[in-house]
Amino acid sequence: MYGRVYASILQRASNSLTLYYGAQFQNAHAVAICCSQSHLPHCYFSSWGPSNGDESGNLSKSQRHLSTHQDLDFQQRRVQINSILRSNEQSVSVPEFDGRGLSVVRKFESNQLAANTPNEDRRSAATCLQACSFFPLAIVKSVFFFHLFLVKSNFMFLCLLQSKGMLFGVFDGHGGWACAQAVSERLLYYIAVAMMQRHSLEELEKCMEHSRPIPPILQWYKHHTDFNYRESASLYIDNLRVFWQELLDSDEHESGMSPQDALDYAFKRLDADISLEAQVPLSNDLMRSTAIQVAFAGCTACVAHVGMDGIHVANTGDCRAVLGVQNEDGSWSALPLSQDHNSQNQAEVERIKAQHPPSESDTVVTDDRLLGVLMPLRAFGDVRFKWSHELQQSILASLESGVDLDSLNLYQYTPPNYLTPPYLDVSPEITYHKLRPQDCFLILGTDGLWDELGSEEAVRLIGEHLSGIHLQAPVSQSERKLKLGQMHELLLKRQARASPALDTNAATHLIRHALGTGDYGELSQERLASMLALPEDLARMYRDDITVTVVYLNYDLARSHHN
């Protein structure tokens with residue numbers, strides 16, 4: 001992609017030595033591009049390169065002063081780079097047993113780097129909380145973990161706080177950040193509620209009826225920069241309550257849905273609620289304009305439920321989930337747990353074409369985009385590709401005349417060849433994987449990461465970061481016949497793979513390599529600085545928002561469970 005960075009555009013970035021990346025980076029200073037040569041921007045961080053000293057190689061006093069100044073400048077800019085890359089880091093350790101049950105997750109690490117202003121990506125992580133289930137002690141004698149004994153009417157009961165696993169999600173917004181924000185706040189609640197047993201839902205409903213505090217449904221793991229739609233909180237709670245009331249009305253909902261069914265149902269139900277909220281009258285204008293903004297924006301989502309029985313991944317759009325597997329020889333391989341829903345997925349293109357008349361087969365996907373406009377072929381929101389043209393016009397016209405539609409990323413626009421809507425849906429593709437001892441970590445990432453790194457390379461980077469061992473394949477017979485220049489390139493690539501990690505956080509490690517990897521696989525400080533120093537109005541042209549979550553699995557627990 002760097003071949004597309006023209007020297008004239010990069011020169012524009014060099015006019016400012018220090019750039020600010022906005023509130024999400026806590027006013028961290030971005031580094032500057034010092035100059036631009038050929039197709040690759042170079043920054044002179046120190047005194048590398050030819051010198052103009054005397055013939056003996058000694059530097060003059062002024063030159064030594066310049067060299068010291070440049071070295072200090074290099075150190076300062078490296079600090080600035082680290083400050084930008086690490087400002088949204090998150091690292092959470094999870095105890096193996098915390099009173100609710102055993103956890104197959106050891107810890108997780110996450111990070112975000114924005115290209116849009118504001119960032120259109122979001123992330124979520126939470127543990128599903130469940131109320132006690134009481135069983136006669138005779139039934140559960142073999143159970144080795146318990147929380148509390150209760151004696152009632154001469155019978156001893158065991159109260160098991162059954163673990164419902166952990167949920168992790170990454171969300172890539174488009175047309176603004178509004179939809180990704182709402183989905184990141186709400187989707188995990190819908191999933192958790194769908195998995196709850198009837199008696200737990202009844203307890204929630206009793207608390208609402210008697211205005212008592214509601215037992216927590218999720219234990220959230222928030223970064224200090226995360227925020228919620230406070231003005232819409234009451235609307236979101238009301239609709240979540242309607243959801244669990246409908247589950248209580250169902251005769252089949254006793255022990256709760258399986259993770260697979262809960263993921264599928266929650267995705268579809270939340271998208272339906274987002275659509276409905278934009279159409280009904282609401283209590284105030286701010287809440288209504290927010291609901292319409294959320295519905296007309298869109299987002300893709302990839303959510304993983306990690307429990308003792310394995311990993312369930314629900315994906316809609318072009319985010320991705322990849323499992324890191326350690327082979328017997330110590331090498332690493334990537335096992336994809338999701339498929340990208342874009343025009344590169346031919347099966348997905350054919351699925352959409354089959355939903356519309358044959359006369360539209362040439363227009364449904366044009367220029368690798370849905371109706372020539374939208375890259376992901378599944379998404380939340382995006383009612384512009386779901387509602388009728390008349391409904392869209394009616395909803396936008398219902399806004400107060402004083403509302404600035406442009407400020408809400410709303411505009412009167414109908415995609416070309418919009419003949420038989422809906423063209424888009426949110427139906428997630430769900431993958432199940434039973435955990436094995438060799439399954440070490442799970443990577444969830446928005447497409448900004450996968451635009452820069454392949455799945456195998458990402459797994460190798462995290463695997464070697466985890467183990468600290470950089471495996472090199474033996475030199476093959478064909479490689480032994482390389483010419484001197486080719487052998488030099490091979491050595492550079494091998495040397496790059498053995499470079500020590502600069503970050504303790506694995507997600508930051510991935511982002512650093514995604515943006516800073518050079519031609520030979522080496523980590524190029526100059527290239528990384530150049531990408532981070534692009535002005536706000538140019539950054540999105542050359543990279544996307546990146547969000548990464550790396551979930552480390554308790555393979556010892558998986559091994560005992562497997563056995």
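None of the values given here were measured: they were computed from a predicted structure.

A. Region of the structure containing the side chain of Ser 124. With respect to the helices and strands, Ser 124 occurs in strand β7 (residues 121-128). Relative accessible area serves as the criterion here: at 6%, Ser 124 is assigned to the buried category. At 2.7 Å, the side chain of Ser 124 forms a polar contact with the backbone oxygen of Ser 184. Setting aside its immediate chain neighbours within four residues, Ser 124 contacts Leu 167, Phe 168, Gly 169, Phe 171, Ser 184, Leu 188 and Trp 220.

B. Structural view of the layout of surface pockets. Of the pockets and cavities examined, the largest pocket occupies roughly 880 Å³. In terms of lining residues, the largest pocket is bounded by 41 residues, among which Arg 369, Met 375, Pro 376, Asp 447 and Arg 540 are the most central. At the level of elements, β11 (166-174), β13 (298-307), α10 (447-450) and α15 (536-542) are the ones that each hand at least two residues to the lining of the largest pocket. The residue makeup of the lining of the largest pocket, split by class, is 13 nonpolar, 11 polar and 17 charged.

C. Inspection of the pairing of β7 at higher detail. β7 sits mainly inside the fold: eight of its eight residues count as buried. Burial along β7 is two-sided: Asp 121, Arg 123, Ala 125 and Thr 127 facing one way and Arg 122, Ser 124, Ala 126 and Cys 128 facing the other are all buried. In the sheet, β7 pairs with strand β12 (residues 218-220) via three bridges, with the strands oriented antiparallel. Bridging from a neighbouring strand, Thr 127 pairs with Gln 219 of β12.

D. Inspection of the pairing of β11 at higher detail. Within β11, nine of the nine residues are buried, leaving the element largely enclosed by the surrounding structure. Summarising the sheet, β7 and β11 pair through seven bridges and their orientation is antiparallel. By the bridge assignment, Ala 126 is partnered in β11 with Leu 167. Relative to β13, β11 runs antiparallel, the two sharing nine bridges. Bridging across to β13, Gly 169 finds its partner in Val 303.

E. Main features of the pattern of salt bridges. Overall, the coordinates contain 19 salt bridges when judged by the stated rule. As a salt-bridge pair, Arg 351 and Asp 425 come within 3.2 Å of each other at their nearest N and O atoms. One end of the pair, Arg 351, is in helix α8 (residues 346-354); the other, Asp 425, is in the loop between α9 (389-397) and β20 (429-433), with 74 residues separating them in the sequence. Several salt bridges share partner residues, and in doing so they unite Glu 348, Arg 351, Arg 378 and Asp 425 into one network.

F. Representation of the sheet that holds strand β6 (residues 105-113). Strand order in the open sheet made by the six strands is β5-β6-β22-β21-β15-β16, with antiparallel pairing throughout. The strands lining the two open edges of the sheet, one partner per strand, are β5 (90-93) and β16 (332-336). When strand polarity is set aside, the average angle formed by the axes of neighbouring strands in this sheet is 20 degrees. Across five bridges, strand β15 (residues 320-326) lies against β16 in antiparallel orientation.

G. Quick peek at the environment of Ala 262. By secondary structure assignment, the location of Ala 262 is in helix α6 (residues 259-277). Distance from Ala 262 to Tyr 190, taken between C-alpha atoms, is 8.1 Å for residues 72 residues apart in sequence. Among all residues touching Ala 262, those that are not within four sequence positions of it are Ile 191, Ala 194, Met 195 and Met 257.

H. Examining the packing of aromatic side chains more closely. Evaluation of the coordinates by the stated rule reveals 11 aromatic pairs. When the centroid spacing of 5.6 Å and the interplanar angle of 75 degrees are considered together, the rings of Phe 108 and Tyr 221 count as edge-to-face. Here Phe 108, found in strand β6, pairs with Tyr 221, found in the loop between β12 and α5 (233-249); they are 113 residues apart in sequence, far enough to count as distant. As far as the burial class goes, Phe 108 and Tyr 221 line up, both buried. Note on Trp 332 and Phe 441: the rings are 5.5 Å apart at their centroids and 40 degrees apart in plane angle, and the pair reads as tilted. Here the residue Trp 332 occupies a position in strand β16, and Phe 441 occupies one in strand β21 (residues 439-445), the gap between them amounting to 109 residues.

I. Broad picture of α8. Within the sequence span of α8, burial applies to Glu 348, Val 349 and Ile 352. Taken down its axis, α8 places every buried residue within 100 degrees of arc, on the same side. Across from the buried face of α8, at angles greater than 90 degrees, the exposed residues are Ala 347 and Ala 354. Turning to α8, the residues buried within the fold contact β17 (365-366) and β18 (369-370). Two or three places before Ala 347, at the start of α8, stands the capping residue Asn 345, its side-chain oxygen 3.2 Å from that residue's backbone nitrogen.

J. Quick peek at the nonpolar core. Judged by nonpolar contacts, the single largest core of 57 residues is most densely connected at Val 183, Leu 187, Ile 191, Val 193 and Phe 380. Looking at which element gives the most residues to this core, the answer is helix α3 (residues 178-195), with 13 residues. Look past the residues within four positions of Val 193 in its chain and what remains in contact with it is Leu 201, Ile 217, Leu 240, Phe 243, Trp 244, Leu 247 and His 253. Counting 30 residues, the second-largest nonpolar core is a separate cluster that includes Val 322, Ala 507, Leu 515 and Tyr 552.

Rules of the game
Residues numbered from 1 in each chain as written. Predicted model: local features only at pLDDT ≥ 70, side-chain atom pairs only at ≥ 80, totals over all residues. Heavy atoms only, no water. Helix = DSSP H or I, 4+ residues; strand = E, 2+ residues; numbered from the N terminus. Buried < 20%, exposed > 50% of the residue type's maximum accessible area, 1.4 Å probe, protein only. Polar contact = N/O pair within 3.5 Å; in protein donor to acceptor, adjacent residues only side chain to side chain. Contact = heavy atoms within 4.5 Å. 1 Å grid on protein atoms, 1.4 Å probe; cavity = no way out; pocket = protein on both sides within 12 Å on 5 of 7 lines; lining within 4 Å. Points joined across faces, edges and corners; volume = space filled by probe spheres on them. Nonpolar A, V, L, I, M, F, W, Y, C, P; charged D, E, K, R; others polar. Pairing = 2+ DSSP bridges. Salt bridge = Lys/Arg side-chain N within 4 Å of Asp/Glu carboxyl O. Axes fitted to C-alpha atoms, helices over the stretch in contact; angles between N-to-C directions. Phe/Tyr/Trp six-rings, centres within 6.5 Å; stacked < 30°, edge-to-face > 60°. Arc of directions from axis to C-beta. Core = buried A, V, L, I, M, F, W, Y, C linked by side-chain atoms within 4.5 Å.

All we've got here are geometric facts, nothing functional implied.
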